[in-house]
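Read off the chains here:
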Amino acid sequence: MEITISARLIELREKYNFSQSEVARQIGVTPALISAYEKQERKPSIEKLVLLADIYHVSTDYILGRTYKDDSARMINVDHLTEVQIKIVRDLVNHMNIQVQ
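Below is a short write-up of the structure. Since the model is a prediction, treat every value here as computed from it, not as a measurement. (Residues numbered from 1 in each chain as written. Predicted model: local features only at pLDDT ≥ 70, side-chain atom pairs only at ≥ 80, totals over all residues. Heavy atoms only, no water.)

### What about the nonpolar core?
Logical step 1: Counting residues in hydrophobic clusters, the biggest one holds 18 residues, and the most contacted among them are Leu9, Ile27, Ile34, Tyr37, Leu52, Tyr56 and Ile63.
Logical step 2: Listed by contribution, the elements that provide at least two residues to this core are helix H1 (5-15), helix H2 (20-27), helix H3 (31-38), helix H4 (46-56) and helix H5 (60-64).
Logical step 3: Beyond its immediate sequence surroundings of up to four residues, tyrosine 37 is in contact with Ser6, Leu9, Ile27, Arg42, Lys43, Pro44, Ser45, Lys48 and Leu52. (Core = buried A, V, L, I, M, F, W, Y, C linked by side-chain atoms within 4.5 Å. Buried < 20%, exposed > 50% of the residue type's maximum accessible area, 1.4 Å probe, protein only. Helix = DSSP H or I, 4+ residues; strand = E, 2+ residues; numbered from the N terminus. Contact = heavy atoms within 4.5 Å.)

### Points about the pattern of salt bridges
Logical step 1: Under the criterion given, the structure shown has four salt bridges.
Logical step 2: One salt bridge in this structure joins arginine 66 and aspartate 61, with 3.1 Å as the shortest N-O distance.
Logical step 3: Of the charged contacts, one joins lysine 87 and aspartate 91 as a salt bridge, the two residues approaching to 2.7 Å between their closest N and O atoms. Pair noted here: lysine 87 and aspartate 91 are both in helix H6 (residues 83-100), with a separation of four residues, about one helical turn. (Salt bridge = Lys/Arg side-chain N within 4 Å of Asp/Glu carboxyl O.)

### Regarding the packing of H2 against H3
Logical step 1: One way to put it is that H2 packs onto H3 with a least axis distance of 8 Å and a crossing angle of 110°. In terms of orientation, H2 lies roughly perpendicular with respect to H3. Residue-level contacts link Gln20, Ser21, Val23, Ala24 and Ile27 of H2 to Pro31, Ile34, Ser35, Tyr37 and Glu38 of H3.
Logical step 2: Here the contact of H2 with H3 is composed, by residue class, of six nonpolar, three polar and one charged. (Axes fitted to C-alpha atoms, helices over the stretch in contact; angles between N-to-C directions. Parallel < 35°, antiparallel > 145°, perpendicular 65-115°, else oblique. Nonpolar A, V, L, I, M, F, W, Y, C, P; charged D, E, K, R; others polar.)

### Structural notes on the environment of threonine 60
Logical step 1: Checked against the element boundaries, threonine 60 lands in helix H5.
Logical step 2: The contacts of threonine 60, once residues within four sequence positions are left out, are Leu49, Val50 and Ala53.

### Here we look at the packing of aromatic side chains
Logical step 1: All told, the structure shown has three aromatic pairs when counted by the stated rule.
Logical step 2: Taken together, a centroid distance of 5.8 Å and an interplanar angle of 40° make the contact between tyrosine 16 and tyrosine 56 tilted. With tyrosine 16 in the loop between H1 and H2 and tyrosine 56 in helix H4, this pair connects stretches of sequence that are 40 residues apart.
Logical step 3: An aromatic cluster of three or more residues is present, and its members are Tyr16, Phe18 and Tyr56.
Logical step 4: A cation over a ring is seen here: arginine 8 above tyrosine 62, with NZ or CZ 3.9 Å from the ring centre. (Phe/Tyr/Trp six-rings, centres within 6.5 Å; stacked < 30°, edge-to-face > 60°. Lys NZ or Arg CZ within 6 Å of the ring centre and 35° of its normal.)

What is shown is where atoms sit, not what they do.
Here is the structure:
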């Protein structure tokens, strides 16, 4: 079964209990445009797709239906960490993955 962009956008918006207006405000568009995305009348631009992925904490591939796994549990915001801190986080995650297997 093919997953459409519109189905993913509806699923994610409902998961976060956002209104179309809230999503529109967060990415700088009108609620009518969010409605058009969800009705398959329009497709988001690359910039808007990235913003949508950011607010829903998923990959753009997930929204596009290229992957069936919601990667939100694997995504960590490291924007304000130093390179040393990022390496520590990576090492910790790798260590935990090895122990789970």
